[in-house]
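Breakdown of the fold
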Amino acid sequence: MFDREEVAMQQLEVFAGALQRVRRDAGLTYRELADHAHYSHAHLVRATSGKHLPSWPVTVAFLTGCDVPAELLPVWRQHWEAAARDPQDVGELLRAAATPQDLGAALTALTAPRSLRSLERLTGIPRATLQSWLRGGRVPRPDRLDQFILALGASRTERLAFSDCVDRLAG
């Protein structure tokens, strides 16, 4: 089994590799991309090094510089957020969860850094409901929770961990 740092590094490498493929597919050198993206050549090379996750603004500039359509940016944002979060932290929060507030903390870790407004747009679940879930005021129904975390791009492991947690809290 991988430790937390190895998993995080793998996620960064996968994201960086995807950015590299986009640049290659666009037929651009890093210097040409720098002209399009308005970031330095060195900055863009670092973004694809796999050692550090580039900021979201750098990622957007990189993608738009490679002519990635704007309608694909939300998909990229999901990938970027998945690379930014530590799946082990979410799993640990769920395993230790004993109250609805603990479940809310795990949901908050999964949704960060999104706003309630963006979560509502993404999932179709009203902000008031989401806020209640995130604060631990209410435990979501299993089907609604699965719909919600699936829309966030949760992994199969994360989905099962959330399901187990909800079952445990209901029992």
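Further up the page is the structure itself.
The model shown is predicted, which means the values in this text are computed figures rather than measured ones.

1. A closer look at the packing of helix α7 (residues 100-111) against helix α10 (residues 142-151)
Viewed as axis vectors pointing N to C, α7 and α10 meet at an angle of 25°, and their least axial separation amounts to 10 Å. One finds that α7 runs roughly parallel with respect to α10. For α7 against α10, the interelement crossing comes out left-handed. When α7 is examined against α10, the residues Leu 107, Leu 110 and Thr 111 are found in contact with a partner set consisting of Leu 145, Phe 148 and Ile 149. Of the residues assigned to the contact of α7 with α10, the class counts are five nonpolar, one polar and no charged.

2. Topic: the packing of α7 against helix α9 (residues 127-135)
Contact pair α7 / α9: the axes reach a minimum separation of 6 Å and the direction vectors enclose 115°. Listed contacts from α9 to Gln 101, Gly 104, Ala 105, Leu 107, Thr 108 and Thr 111 of α7 are Trp 133, Leu 134 and Arg 135. Looking at the contact of α7 with α9, its residues break down into four nonpolar, four polar and one charged.

What counts and how
Residues numbered from 1 in each chain as written. Predicted model: local features only at pLDDT ≥ 70, side-chain atom pairs only at ≥ 80, totals over all residues. Heavy atoms only, no water. Axes fitted to C-alpha atoms, helices over the stretch in contact; angles between N-to-C directions. Helix = DSSP H or I, 4+ residues; strand = E, 2+ residues; numbered from the N terminus. Parallel < 35°, antiparallel > 145°, perpendicular 65-115°, else oblique. Left-handed = near helix turned anticlockwise from the far one by under 90°. Contact = heavy atoms within 4.5 Å. Nonpolar A, V, L, I, M, F, W, Y, C, P; charged D, E, K, R; others polar.

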